[in-house]
Amino acid sequence: MKVQLCLSGGGARGFAHLGVAQALSEMDIEIVRISGTSAGAMAGSFIAAGFPPDEVLELFIKNELFKKFRGAFNKGLLKMCGVGPLLSKYLPEKFEDLKLPLFVAVTDILSAKILYLHQGKLMPAILGSSSIPGLFKPVKFNDMLLVDGGVLNNLPVEPLQKYNVPIMGVHVNPLGPISPPSTTWSVLERTFHLGVFSNTVYREEKCAILIEPSDLKSTKVFDYRKARESYKAGYDQVRRQSVEILQKLSK
């Protein structure tokens, strides 16, 4: 059985994507193509490069990969200091050198368009797709200025629709009630979460299967200390839906 993965953004919750991929591997379900944005693009790039998902989790934790995002302030924005060089140690230079086709959703703020990059240099696409507006400096690439693809499309199913293979959408931002935010950071986090959710709902209907790990509701978007918990949430959700998944993929 084969499936295409569509991976949403979600910050630290993106570790759930790796748990989903691990569970699918154990079910002998072959991932043939991936589309992702932000954290989904980053996790998807490692899966597309052929890394076992559980090894990617340990690699991220060992290298404290997401701490590299903190960088240094520059005109009020954070730079992705150290992220590119670190990713370059493990990922190929170009999309074409990946083992699986990968589409990375990015927002070009100059043209106000969503783009699905899948050829040429890989690193600018991943870093641009992960640059949350207001927090991270946009990434200059060719004639574009790239920010988080989730601004316009946080579940990029479009590049996968032309292929005759079922799409599994993995949305790692389940909405639930929260306590009143007590800091500016928590307000910003919640606001961004609500904003990207609004462009996701109707795209969920385009997926043959939707995985939305319910255990992530209490995990904050920027809480990278809960990497293992997020990974397990993705893994467990696939196992809970295993009968449904097998039924839909066997048709």
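Definitions and limits used
- Residues numbered from 1 in each chain as written.
- Predicted model: local features only at pLDDT ≥ 70, side-chain atom pairs only at ≥ 80, totals over all residues.
- Heavy atoms only, no water.
- Helix = DSSP H or I, 4+ residues; strand = E, 2+ residues; numbered from the N terminus.
- Rg over C-alpha atoms; globule rule 2.2 N^0.38 Å.
- Buried < 20%, exposed > 50% of the residue type's maximum accessible area, 1.4 Å probe, protein only.
- Contact = heavy atoms within 4.5 Å.
- Lys, Arg positive; Asp, Glu negative; His and termini not counted.
- Charge placed at Lys NZ, Arg CZ, Asp CG, Glu CD.
- Core = buried A, V, L, I, M, F, W, Y, C linked by side-chain atoms within 4.5 Å.
- Expected span 1.5 Å × (residues − 1).

### Here's the deal with the overall build of the protein chain
Then comes step 1: The helix and strand tally for the protein chain stands at nine helices and ten strands.
Then comes step 2: Its C-alpha atoms give the protein chain a radius of gyration of 17 Å, within 12% of the compact-globule value 18 Å for 251 residues.
Then comes step 3: Based on the C-alpha atoms only, the size of the protein chain along its principal axes is roughly 55 × 45 × 35 Å.
Then comes step 4: For the protein chain, the proportion of its 251 residues judged to be buried stands at 54%.
Then comes step 5: Taking the intrachain contacts of the protein chain between residues at least 6 apart in sequence as the baseline, contacts between residues at least 24 apart amount to 75%.
Then comes step 6: Once the 30 positive and 23 negative side-chain charges of the protein chain are each reduced to a mean point, those two points are 5 Å apart.

### Some words on the nonpolar core
Then comes step 1: Of all hydrophobic cores here, the largest spans 56 residues; its most connected members are Leu24, Ile31, Ile34, Leu87, Met168 and Ile245.
Then comes step 2: Residue contributions to this core peak at seven residues, all from helix 1 (residues 15–26).
Then comes step 3: Contact partners of Ile245, with chain neighbours within four places excluded, come to Met27, Ile29, Met168, Ile209, Ile211 and Val238.
Then comes step 4: The next biggest cluster of nonpolar side chains, apart from the first, holds seven residues, and it includes Cys6, Phe103, Ile167 and Cys207.

### A few points about helix 1
Then comes step 1: The terminal C-alpha atoms of helix 1, which comprises twelve residues, lie 17 Å apart, in line with the 16 Å expected from a rise of 1.5 Å per residue.
Then comes step 2: Of all twelve residues that make up helix 1, ten are buried, and the element is covered over most of its length.
Then comes step 3: The complete set of buried residues in helix 1 reads Phe15, Ala16, His17, Leu18, Gly19, Val20, Ala21, Gln22, Ala23 and Leu24.
Then comes step 4: Two residues or fewer after helix 1 comes Asp28, characterised by a positive phi angle close to 60°.

Shape descriptors only; they carry no functional weight alone.
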